[in-house]
Each structure stands twice: as structure tokens, then as C-alpha cells.
Amino acid sequence: MDTNLAIETNDLGRVYRLRGPKRKGDAKQLVALDGVNLEIRRGELFGLLGPNGAGKTTVIKILATLLLPSSGVGRVEGLDVTRDVQEIRRRISMVSGGETSGYGLLTVEENLWMFARFYGLDNVTARKRIDALLEVVGIADRKRTKISDLSTGLRQKMNFVRGFISDPNVVFLDEPTLGLDVTAARDVRGFVKQWMHDHPDRTVLLTTHYMAEADELCDRLAIIDRGKLLACDTPENLKHRLQREAIFNLKVGPLGPKPSRDAMIEAVPGVRQATIVEQNGHTELNLILAQEDVLSNVLAHLTRRGSSLISLEKREPTLEDVFVDLVGRRLDVDTSHHAEGEHAAG
Ligand SMILES: Nc1ncnc2c1ncn2[C@@H]1O[C@H](COP(=O)(O)OP(=O)(O)OP(=O)(O)O)[C@@H](O)[C@H]1O
Ligand SMILES: [Mg+2]
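If you're wondering where the values come from, they're calculated on a predicted model, not measured in any experiment.

## Details of the confidence of the model for the chain
Per-chain confidence: the chain averages 87 in pLDDT, with 90% of residues scoring 70 or above. The low-confidence segment residues 333-346 (pLDDT under 50) makes 19 contacts with residues lying over four places distant or belonging to another chain.

Following this line, the structure appears as C-alpha cells:
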């Protein structure tokens, strides 16, 4: 076992039993995690990036000892998530972006103080830490506000603070900036970066939908879809993979009905991925091409189809492109309603 690993999973699997229509013998299973292998070093700020239902929260819950794996092994600081539950819980904390924890009648300060005492901090240390943390996320002036009177975003910042009060070795952040406005999200990201800088031996595992957030924050990240890891590397290296390809953004005149137009573009030899969005009155194409000269074939096809080119732009690859290349669809398109059949085992 590598002692520098803060988090390690070996062939981690999780199956949920689905209670479907009430017919006997109809219990379906959903494979939420399918053989996930992760190695996260101490000191890393590591991201899990993936669409709705990818399995991100399931990974985090298993590592935070809130959920048992169905198969495989998970370790936090070398401790086994199924056997060393109490010891792991002493060393970690977890914050979920969407959570609504806290007791409405308590003030922000009282609520955090209560958690600090749960974690075993003495009164003086607790107060000092609470003040300092509230200051960095910019809600020090809300110390005496009742939690029930906080807006969603302010409450989320308070929960976020809670995750750092115990001075944990490993912090799990599940969508920490979900629903926050631009400034609040920036505060939260700034805080995570600063905390990692001040505590270089700690580890953060975060999940996010936001490509830019993953790109900005993470030392390394894993792209996950339908319970499987598709890639794991630094944001730079992930983008570098696409550097050989050419990425173009085209605006063209109307292209006609959807199924045939999508198939038509993807059938052009050398087009690796195409995402097509109808804007008001025109069509926007995002194309990943094997080489630059494939573009002339695409343009020829468009002309044949009676469509005209409005604008053309070559872009540097972003994480979004990496994602599209690996997953075959965009992250910003809602994928939460994909057919259960694609997940279901047996
Ligand atoms: N308690 C549960 N019972 C049954 N299925 C579940 C349960 N929790 C999660 N799932 C399913 O497991 C899969 C993975 O869910 P998970 O919450 O880990 O995804 P996620 O990547 O966190 O998604 P999101 O981005 O929406 O938060 C999904 O298909 C989800 O519907
Ligand atoms: Mg989730």
C-alpha cells in the first residue's frame, strides 16, 4: 500500500436495487459504479467530472463511509471504507452543494459552534476557526443571522465552512458551487485553493458539472460517465490530447430536420465529433476534426445541403471538448433522463 495515497479505489462497484412496478420478480438493478480505479495522492486537489447520474456522488458517499460498496475496495489514508469507519470519519469531512442542513432556529455562529464541539474542538479554538472561516467566505457579517433567514447561497457558504472546521485531512466536496452566483462561486473556489495552499498535506476530492471550475481548480481530474472512469489526468494533459485535432466553431444557415442533419455531418469522413445546436434562425456546429483539411469536406456538404456559412472560428481545445470527445455528448445538455436500460444489469 502506498502511504502517499490519500484515496485509493480498486475495482469499486455499486449496484442499486430498483423498486420498479409492483410485480413480483421484477426487481431491477442499476449499476451506478462499474469497476472504478482511483489513486489520489496526499496534497492533491482532485476532481470528478461527469454528467448527471454518472456516479460522482456515489463515489464520494462510499469514500465518506455513508454508503457501502457492492464490490471492490475503497481506502482513505490507507483505511478501509467498510472496516475502519470510525477512524475514517475522524479524519474527513463532506459537504454537498445542495444540502439544507443546520437547525433553522440557531444563528450561523451557534450552528457552526455546535458542529465544532461535535468534532471535539475546545471553545476558544472553535470560535477562532469559525471567525476566520466566515471571514474568508465573506459572511462574517451574518454571524448572528438565524439560519432560517439565510438565502440558499449564504446557507451553502455556511455549510461549506462547516466542512473545514474540524481541520480534516481529506475533504469531500460534492458540487460545492451548485446554485451559487458567480461571485459566491468564485469565493468558494478561492477558499479551496487557499486552503490547499496553506495545508499542502491535505487532500480535496470534489465533484463538479462545471468544466471551467474543474479546469481552474483541479491538479488532476477523472472524467466519469455511467459508472466508468473514461480518463484521468491533469487538465493540461487532457486538453493536450486534442491538440492534434482541429476544433472549429461554425455558424451556418438553417440545416433542415434534426436526425438527417446530424447524421449527415457525422458521416463526413474525418469528423470525430459534432454537436449541433439550433440558435435563433441559424445553426451552430461544434466540430472536432481529425485534421484541419477535413473542414473543406464539411463545407462542401453544407453547400450541397443549401446552407451558407455565416462565421467560422478555430478554437483551442477546452475541457468541454475533451468531454465531448470521450463521452460523445455535451455536459451542459441534460442527460439525466437517459434510458435506465443502459444502466441496468441483467
Ligand atoms: N438510492 C438510490 N437508489 C437507486 N438508484 C440510485 C440511488 N442513488 C443513486 N442512484 C442512481 O445511481 C446512478 C449514479 O448516481 P449518482 O448520484 O452517483 O450520480 P452523480 O454523478 O452524482 O449525478 P448528479 O450529477 O446528478 O449529482 C444514477 O443512475 C442514479 O439514478
Ligand atoms: Mg451527485
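## Regarding the sheet that holds strand β3 (residues 45-49)
The strand order across the open sheet built from six strands is β6-β7-β8-β3-β9-β10, with neighbouring strands paired in mixed fashion. Of all the strands in the sheet, the pair left with one neighbour each is β6 (92-96) and β10 (228-233). When strand polarity is set aside, the average angle formed by the axes of neighbouring strands in this sheet is 15 degrees. Along the sheet, helix α6 (residues 182-198) makes contact with β3, β7 (170-174) and β8 (203-208), crossing β8 at roughly 160 degrees.

## Digging into unusual backbone geometry
Its identity as a non-glycine residue notwithstanding, Asp11 has a phi of 55 degrees, on the positive side. Examined against the element boundaries, Asp11 turns out to sit in strand β1 (residues 5-18). Of note in the backbone geometry, Arg226 takes a positive phi value of approximately 50 degrees without being a glycine.

## Side note on the site of ligand 1
Of all residues adjacent to ligand 1, which total 15 residues, the nearest are Gly53, Gly55, Lys56, Thr57 and Thr58. Tyr16 places a polar side-chain atom, nitrogen or oxygen, 3.5 Å from a nitrogen atom of ligand 1. A distance of 2.7 Å separates an oxygen atom of ligand 1 from a polar atom in the side chain of Lys56. The fraction of the free accessible surface of ligand 1 (630 Å²) that becomes covered by protein chains is 66%.

## A few points about the packing of helix α5 (residues 152-165) against α6
Between α5 and α6, the shortest axis-to-axis distance is 11 Å and the interhelical angle comes to 10 degrees. On the basis of their axis angle, the class for α5 and α6 is roughly parallel. Here Lys157, Phe160 and Phe164 of α5 come into contact with α6, specifically with Ala184, Asp187, Val188, Phe191, Val192 and Trp195. Among the residues making up the contact of α5 with α6, the classes are represented as seven nonpolar, no polar and two charged.

The rules behind each value
- Residues numbered from 1 in each chain as written.
- Chains lettered and ligands numbered in written order.
- Predicted model: local features only at pLDDT ≥ 70, side-chain atom pairs only at ≥ 80, totals over all residues.
- Heavy atoms only, no water.
- pLDDT = per-residue confidence, 0-100.
- Contact = heavy atoms within 4.5 Å.
- Pairing = 2+ DSSP bridges.
- Helix = DSSP H or I, 4+ residues; strand = E, 2+ residues; numbered from the N terminus.
- Axes fitted to C-alpha atoms, helices over the stretch in contact; angles between N-to-C directions.
- Near = heavy atom within 4 Å.
- Polar contact = N/O pair within 3.5 Å; in protein donor to acceptor, adjacent residues only side chain to side chain.
- Areas by Shrake-Rupley, 256 points an atom, 1.4 Å probe, with all protein chains shown as cover.
- Parallel < 35°, antiparallel > 145°, perpendicular 65-115°, else oblique.
- Nonpolar A, V, L, I, M, F, W, Y, C, P; charged D, E, K, R; others polar.

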